[in-house]
Each structure stands twice: as C-alpha cells, then as structure tokens.
Amino acid sequence: MASSVGETAPIILAASRVSKSFGEIPVLFSIDFDIRPGEVHAVIGENGAGKSTLIKILSGLEQPTSGSISFDGQTVVLPPNGAAEAMGIVLIHQEMNLAEHLTVADSIFLGRELKKFGFLDVREMRKRAAAVMETLHVHVDPDARINTLSVADKQMVEIAKAISRDARVLIMDEPTAVLSVGETQTLFEQIRRLTARGVAVIFISHKLDEIMELAQRVTVLRDGQLIATVGTEALTPDSIAQMMVGRELSNLYPPKHEPDVDAPAVLSVRNLSALGVADVSFDLRRGEILGFAGLIGSGRTAVAEAIVGLTHRSSGQITLDGKPVDFTRVSQSVDAGLAYMTKDRKGKGLLLNMGLRPNLTLLTVKKHLRAGFLDSASETRALERAVRRFDIRARDASVAVGRLSGGNQQKLMLGKTMESEPDIIIMDEPTRGIDVGTKQQIYHIIAALAAEGKSIILISSELQEVIGLSHRVVVMRNGRLAGVLEGAEITESEIMRYAAGIKQSGNDERISA
Amino acid sequence: MSASAPDTAAKPARGFRIDLKTAGPLLALALLVLLGITLNENFLSYSNLTNVLARSSFIGIIAIGATFVITAGGLDLSVGSMAAVIAGVMIMVMNWLIPSFGIGWSVVLAGMASGILLGGVAGVFNGLMITRGRIEAFIVTLGTMGIFRSLVTFLANGGTLSLNFNVADVYRPVYYDGILGVPWPILVFALVAIAGEILMRRTAFGRYCAAIGSNEQVARYSSINVDNVRLLTYILQGVLVGVAVLLYVPRLGSASSTTGVLWELEAIAGVIIGGTTLKGGYGRIWGTVVGVVILGLIGNILNLQSLISPYLNGAFQGVIIILAVLLQRERRTS
Ligand SMILES: Nc1ncnc2c1ncn2[C@@H]1O[C@H](COP(=O)(O)OP(=O)(O)OP(=O)(O)O)[C@@H](O)[C@H]1O
Ligand SMILES: [Mg+2]
C-alpha cells in the first residue's frame, strides 16, 4: 500500500560513497544507500557486516571517514550525540539504551518532557505514555521502573519512545530480536501505520521472513561491502541468504538423529514451583534436545533459573542422573555438569568493558589456575579454541566485548557456556541476533552435542528453530506446562494452540512418556 | 549503554603514541620529581625520599585494600576511623599486658596481633552488613566511620592514649629502622603492593573482583559467589588497615580522636589517581601506589619551596584528583 508513496516521493535520506574505519580497521567501504518517505528499507548481512555502523552514520552517531550524507536533498553533516532526533531521524539501538532507574513514562518523554506552568506535567505524560503503550498492546505500568521490566518489554518501551517522537526517518536495529511472534506482529502494524503517514523506516533484522513481509527494498552488506540493493518482490529467503553469506545455504537444520526412547532421564523435574512457575514436571533424556516453546513471559526462563539455583524454588524435586539435587548457587549446578546460558547477554551474560579472554573463562577461571595463579597462556589457548569452534570474529582479543557485533557477542557467550563442559545445557534463545549462516553453524553444534550424548534444553521464541531441532517440545503457558509434543505433533499450529491456551494437555500422562 | 573500556583499541606496533590512560599517573609522577629536583636540591636526598615514602606507606597500604574494595564496586569510608580505633586498642592491649608479660617484644607482638585481628573483625562487620544486610556500602561505612571515631574518643576519654614509655622504646625500630637503610614501613608497603598486584592480576579472586564491579548480575550468572568475594574485599581492607596501623603506632606512640582523620579520602584519592575506576570493574594496584606517592610528593614539594604556601597542599591534591577523573572520562567516550 505504501509502496506507491515510496516509488514516487523524493529521497529523504541518503548516504553516498560512505566509508568508515575504526582506527586503522576499515568496516565500511564506499556504501550507497537511500530511503524514501513511506518506504521500509531493510538492511541485512552477517554479524559484523557493518549494518549497525551504517545506521549509526545515518543517524549522526558516527561520522563517516569519507563520503557524504544528504537529507532532504541537501548534503549535511549530521549532528552527533543523537541531536539528529530534532531533524526527525530517530534511532532505536540494537543494544537497549534506556536509563535503568527512570520510569516508563519518564523514559518515553526523556528530553522533551511536557510542562505546565514551567513544571513537569507528570499526569499528562503518564496518560500519553499509557496511550502509546496501549496502541502497542503492551501491558506495562507507566510508573514501572525500567530495570524491573523484561527484555521484551524494554524493547517495546524503546519502540514506544521512538514512535511517540515525530520521526520522519525511523531506524530500527534488530527490534524484533527479543520479541515474540505476537509482539512482532503488533510492531509491524505500527510500522505500517507510520509508513502510511509517510515515515521512512530503515529496518535491520536477521529474520528473513520478516524482511520479506515488511520491506519494499533490501540492501545486503557483506564484510563492509555493498553487495546489492534490490526490491523484495524479486527475492526469496534463500536468495537473500545466499547474497548475505556468499554461498548457498542448504539444510539450515541438521538431520535429527533418532532419539533413544529408552535412554535414561538425566534430568527430572517434578512439581517445580517458583516465582512465575507453577507445578512444572518434565524429564530430559540423555542425547535429547528438548524444546521449550511458549509466549514471552510464559515462564520458560523462570523454570531454567529455578533449576540451576539462580532463583528460589518454593517447592518441587529435581533429580540429576537419579540423584536428588538442590542447587542454591550457580556454581553447584555448573559443578554438577548443568549449565545455563542466559538470553540477556548484555545484562547477565558478558562483561562489556572487558576483553574476550576474561569473558570466555569467567565461568571456569578455576580451570586455568596453575599453583593457584592464573595461567594466561592456558586462557589464550582456550580462546583460540573457542574462536575456531564458534567462528568468533573480533579484530583482536583485547577489544572490549561491548564493541563486538551482536552476533559475535552471542557466539562468545556460547563459547563461555561450553567451557564448563556441561552434560546438560540449557540454552535460552541461543540464536538471538545471529545471522543465518551462523545460525546454521550453531544448529549443527547443538545437534552434534546431542549426538555425542549431551542433553539440551532449547528455550526459543523462534518456532522454526524449536521445530527444526527438538525431539520433543514442552509448551508453557502462564508459568504452567501446557503440553508436551512429540514426533509428528510438533508443528507450528499445534505449538501455538497450546501456547495460546486453546488446547491443554489433559493430565501429566505425557510428561514422562 | 556506553561500554567503558579499560584499554582502548590495542595500538598496532607501528606509530608510537603514549597511551595517556595507562601512562598518565607515571607521567604525572615523573613531572613532580622533575619539579622537585629543580626547586630544591635536597629533594633527591636519601633522607627526604625515605621520609616521604615512609609517610606515604600508611595511606598506601590502606589504599591497596581500597583498590580491591572499589574494583569490586564497593566503598569503605571507615578506614580512617578504623585506623584510630585499632591504634587505640593496640596501645591499651600493650599497656594492659605489661604486668603479665613484662617489657619486651612479646608485648609488642601481642599488640600487633590484636591490631590485625581487630582490623579483620571490623572488615567482617562492614562486609556482612553490606552483603548479608543488603545495605549500601556508602551508608554502612559512613555509619561505622562515625562509630569507630566515637569509640576511640570514648576509649581515650576525650584525650590521648599513650603507649608505655618503655614499650614504645622497644617498638620504635619498627618505624625508624629497616634493612639496608630502607625503613620497615617502605619495605612492608612494597611487599603488600607486590602481593596485591599478583592477587589482582594473577588470581581468580582478582578476576572476580573486576567482574563483580563491572556487572554484578553477569558475575552471579557466571557462578561467582558475589557475596563472599565482596565480603573478602572488606576483610582484606580491614586487615590491611591493621597492618598500616602497626607500622604507625611506633611513630608517635599515641592515639587520639584525631588519629587517621581524612585517611579514607586520601586513600580513595590515591586509588582514583592511579586509574582505578570509582564505579568498579577495573583496578590496578601499581597505579594506586603511584597515586599515593604523587599525593605524598605534592605535600613534600610544597614544604621544600617558599613561593607557594604549603597550606595550599589540599588544593593541589584536589586539582590532581579532578584531573585524574577527567582522564578516566576520556577513556569512556569512544
Ligand atoms: N566503536 C567501535 N570500535 C571498533 N570497532 C568497531 C566499533 N563498532 C563496530 N566495530 C566493528 O565494526 C564491525 C561492524 O560492526 P557492526 O556492529 O556494524 O556489525 P553488524 O552488521 O551490526 O553485526 P550484528 O548483526 O552482529 O549486529 C565489527 O567488526 C565490529 O567489531
Ligand atoms: Mg548490529
């Protein structure tokens, strides 16, 4: 619908022959990019391809090393530090940028607070914040503090903040990485409303189906080079993926090896209750990939955190290899061969101001002690191994992890978890923010781990991923176990039925089946 | 979310450029030494230098403890008052033991042991209130700062606690003597610094401190026992205050309510000048040593010249602290 506006309207924002280097390392080479009012223009590429860097240049947060930016047909130097917002260029960061101690309403109006008689009009701001959140179907209290929100809700607050500004160009860097299907659809509705009003939207995502659905044009970057800018109608997800990675991508999901139905349960959870979890029971067998599906906030992460001892359990029994365990500290579960990889890599997974090495070995520092002292050579070897195994791309190991591209951070975190050589791995959204090529690698790693007898719980909001990898799927809803699916039952519609509460497994009879 | 990097992009080998963030404190120290030499030929004299360093040792040893506390995201404002209480109690213990032990090293050793023990206990108290009581470190140590200060005033009955003259004679060499002409306080300071540097750089404990100060949640999710590590930093701080005091007592042989006043600020200032980030996550011991020596030299140089009033000592120290923090901020904007 908006495409007619897009094709006729004059270009609003353009980059021409833009290059960027950090120090002596070039990350963008002579990129041309433009966007028209009412258009959704997607930028895709592998992790570290330079997508975030490009849009930072387009919003003034970084200055190009060479090349120029034009806005409304005029060559401009965009003001730094987000001042380009005043010109109507609004950026939603990949890494969330909210002040943790402000309330939701404060955050949405940060920097352009409403005033009455010179004083803050708190009531009006709260009312309007509630209204914006309402259009996004987000149920958070405008008075809630940001640091009490879930990652998904924080992302929605960022989106609300951007939408409520009078943006002419709205730039979103992987806004859907932390959103569930439903939330993504709501966001898309809002984006379509904005483009119908003539707002230009630049959209970065690793989810190719989203791009096919939303964008009119796609720009593909690879290693800082512009590969192509093409209309979406000429594309299929496969052809985009091929342009991104530079090779053909077949078999995103590795073949599932036959699960051994007689394999012993390595982890049994009975009647687990904790904050956000009620009466959850399930078994995990040796060599099995057990998917955990459900809406965001359905309690999947809460189950994992209660098992490994990060949060307090109010009741329930957990047995590991038949022996009852009661973890109250993460170190106990790690020692017992059970590792949990968080989905919040910036808040809970990685030390952003430190280098790759201390991050990789943080969980397992003790392995690198010689006579009580840290053996940096041994740590370096571990890093070299992990870099090879997980294909972590960093300029050098001393760069602060916060400066890595999102996908490489995720791979580093996976490496960190695997350093503890766990027998049971709980992976929470392991491919969040990861490009298709790397996803494929990670899927193969997960399958290989299972094939060699490790057991994996895979929490994911990407149904395709759960379906493509899991031997069985647990669906959660409102903190409870809604159903367990096996074999041919594992389909998108069946999972959604349980997740939405349309269907409910009669009793526990399937749980340990 | 701005990522603060302790060291920005490792420079490629070619293109020599001094990294101000790393070398800043060393550069400042070198400048001060040059200034000292030009102002007064006595500056470089052996007696002047050992004098400055010996006086800096007390703050220095305490500041090394503070480096761990601050790196782990904490703060200890009570160290100055704690030093006063420890000095007071040590003196009382020694005086009290004379009848049973007689004048001699056994009394002095018992006094030293009591000092270190008391420091450890004070650290345990601070640490437990902060980690188990879940009270802000600033509040807890502000509280204990007042408690310790009034305790020493109470013990001294508002006056001065003096060490028995004969015991003081036995004890005096611990401040004034040394090995090969290097006074004990400097030797101990050096030892503590080396041990501290190793502890910070080369052990799991040091790594954990930085991790906790950098992001407590990440540390928790990485199976680090955050509370215990934090508690340990406060105990270490307390013990090091004890060590500093047992070197300090023989200097004057007395303690009063004015002992150790403002030491906490000097220690924290030394830590910050040395390049440790006040909000935690990155600390370096050698930096703290340089920072404390810089503070000591400023006072010394002001005393050695006649152009500027030595009363401006505090002002100069303040300027240096602010400069150091400015440099740190530079580090954070990429
Ligand atoms: N401030 C910086 N200093 C140094 N290098 C940087 C900086 N910001 C980005 N880089 C480097 O530039 C390259 C491109 O990074 P960018 O974040 O643009 O990738 P991306 O395409 O957004 O990847 P992802 O999909 O993983 O988010 C990476 O190699 C990254 O390490
Ligand atoms: Mg990015």
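This structure is a prediction, so every number in the text was calculated from the model and none was measured. (Residues numbered from 1 in each chain as written. Chains lettered and ligands numbered in written order. Predicted model: local features only at pLDDT ≥ 70, side-chain atom pairs only at ≥ 80, totals over all residues. Heavy atoms only, no water.)

Examining the packing of aromatic side chains
Tallying each qualifying case throughout the model produces ten aromatic pairs over all chains. On the numbers, 6.4 Å between centres and 40 degrees between planes, the contact of Y340 of chain A with Y221 of chain B is tilted. Taken together, the positions of Y340 of chain A in strand 18 (residues 338-341) and Y221 of chain B in helix 10 (residues 216-221) put the pair across two chains. Here Y340 of chain A and Y221 of chain B have matching classes, each one buried. Members of the aromatic cluster, each reached through a chain of ring pairs, are F58, Y175, Y176, Y248 and W263 of chain B. (Phe/Tyr/Trp six-rings, centres within 6.5 Å; stacked < 30°, edge-to-face > 60°. Helix = DSSP H or I, 4+ residues; strand = E, 2+ residues; numbered from the N terminus. Buried < 20%, exposed > 50% of the residue type's maximum accessible area, 1.4 Å probe, protein only.)

Section: the domain arrangement of chain A
Residue and element names in this part refer to chain A. Here chain A is partitioned into domain 1 (13-245), domain 2 (264-337 + 422-513) and domain 3 (349-421). Computed over C-alpha atoms only, the centres of domain 1 and domain 2 are separated by 33 Å. The interface is formed by 18 residues belonging to domain 1 together with eleven residues belonging to domain 2. For the pair domain 1 and domain 2, the two sides together bury roughly 1,000 Å², of which 63% comes from carbon and sulfur. Taken as a group, N47, S180 and H206 account for 35% of the area that domain 1 buries against domain 2, more than any other trio of residues on that side. Where domain 1 touches domain 2, the interface holds zero salt bridges. (Domains from an automatic or database assignment. Contact = heavy atoms within 4.5 Å. Buried area = accessible area lost by both parts, 1.4 Å probe. Salt bridge = Lys/Arg side-chain N within 4 Å of Asp/Glu carboxyl O.)

A short note on the environment of L412 of chain A
Tracing the chain through its elements places L412 of chain A in helix 14 (residues 406-418). Aside from chain neighbours lying at most four places away, what touches L412 of chain A is L350, L356, N359, L360, I392 and V401 of chain A.

Description of the confidence of the model for chain A
Residues and elements named next belong to chain A. Of the residues in chain A, 96% have a pLDDT of 70 or more, and the chain-wide mean is 87. Overall, residues 1-6 carries pLDDT values under 50, and its contacts beyond four positions in sequence, including any with other chains, amount to nine contacts. Low pLDDT, under 50, characterises residues 507-513; the predicted model gives this stretch 15 contacts beyond four residues in sequence or across chains. (pLDDT = per-residue confidence, 0-100.)

Overview of the confidence of the model for chain B
Residues and elements named next belong to chain B. Chain-level statistics for chain B give a pLDDT mean of 88 and a share of 92% at 70 or above. When the criterion is pLDDT under 50, residues 1-17 qualifies, and its contacts beyond four places in sequence or with other chains add up to 25 contacts. Interface confidence for the predicted complex, given as ipTM, is 0.83, next to a pTM of 0.82.

Points about the sheet that holds strand 17 (residues 323-325) of chain A
Residues and elements named next belong to chain A. If you walk across this open sheet you meet the four strands as 14-13-16-17, and the pairing is antiparallel. Both outer strands of the open sheet, strand 14 (277-285) and strand 17, are each paired with one neighbouring strand and no more. Between one strand axis and the next, the sheet turns by 15 degrees as a mean value, whatever way the strands run. The pairing of strand 13 (residues 265-274) with strand 16 (residues 313-320) spans six bridges and is classified as antiparallel. Looking at strand 16, one finds that L267 is bridged to L320. (Pairing = 2+ DSSP bridges. Axes fitted to C-alpha atoms, helices over the stretch in contact; angles between N-to-C directions.)

Observations regarding the interface of chain B and chain A
Of the residues lining the interface, 31 residues belong to chain B; the matching set on chain A comes to 38 residues. In total, chain B and chain A occlude about 3,000 Å² of area from one another, counting both sides; carbon and sulfur atoms represent 55% of this. Here chain B is connected to chain A by one salt bridge. If you look at where chain B meets chain A, you find eight residue pairs in polar contact (both at pLDDT 80 or more). For the side of chain B that touches chain A, the secondary structure elements donating two or more residues are helix 8 (184-202), helix 9 (204-214) and helix 10 of chain B. Per-element accounting of the side of chain B that touches chain A gives the leading share, six residues, to helix 9 of chain B. Class assignment for the residues of the side of chain B that touches chain A results in 15 nonpolar, ten polar and six charged. (Polar contact = N/O pair within 3.5 Å; in protein donor to acceptor, adjacent residues only side chain to side chain. Nonpolar A, V, L, I, M, F, W, Y, C, P; charged D, E, K, R; others polar.)

Quick look at the site of ligand 1
All names here are of chain A. Inspection of the region around ligand 1 gives 18 residues, with G48, K51, S52, T53 and G407 positioned closest. N47 places a side-chain nitrogen or oxygen 2.9 Å from an oxygen atom of ligand 1. A distance of 2.8 Å separates an oxygen atom of ligand 1 from a polar atom in the backbone of G48. Alone, ligand 1 offers 640 Å² of accessible surface; in the complex the protein occludes 89% of this. Looking at the shell around ligand 1, the elements with two or more residues in it are helix 2 (51-58) and helix 14. Per-element accounting of the shell around ligand 1 gives the leading share, three residues, to helix 2. Classifying every residue of the shell around ligand 1 by side-chain character gives three nonpolar, ten polar and five charged. Two domains each provide a minimum of three residues to the shell around ligand 1, namely domain 1 (13-245) and domain 3 (349-421). (Near = heavy atom within 4 Å. Areas by Shrake-Rupley, 256 points an atom, 1.4 Å probe, with all protein chains shown as cover.)

Looking at the packing of helix 4 (residues 105-131) of chain B against helix 5 (residues 137-155) of chain B
Residue and element names in this part refer to chain B. Remark: helix 4 packs on helix 5, axes separated minimally by 9 Å, with the N-to-C direction vectors making an angle of 145 degrees. In this structure, the crossing between helix 4 and helix 5 has a hand that is right-handed. Taking contact as the criterion, the partners of A122, F125, N126, M129 and I130 in helix 4 are, on helix 5, A137, V140, T141, T144 and F148. Residue composition of the contact of helix 4 with helix 5, grouped by class: seven nonpolar, three polar and no charged. (Left-handed = near helix turned anticlockwise from the far one by under 90°.)

As for the pairing of strand 16 of chain A
Residue and element names in this part refer to chain A. Here three bridges tie strand 16 to strand 17, and the two strands are oriented antiparallel to one another. Paired with T319 across the strands is P324, a residue of strand 17. Adjacent in sequence and paired antiparallel, strand 16 and strand 17 are bridged by two residues, among which D321 carries a positive phi angle near 50 degrees.

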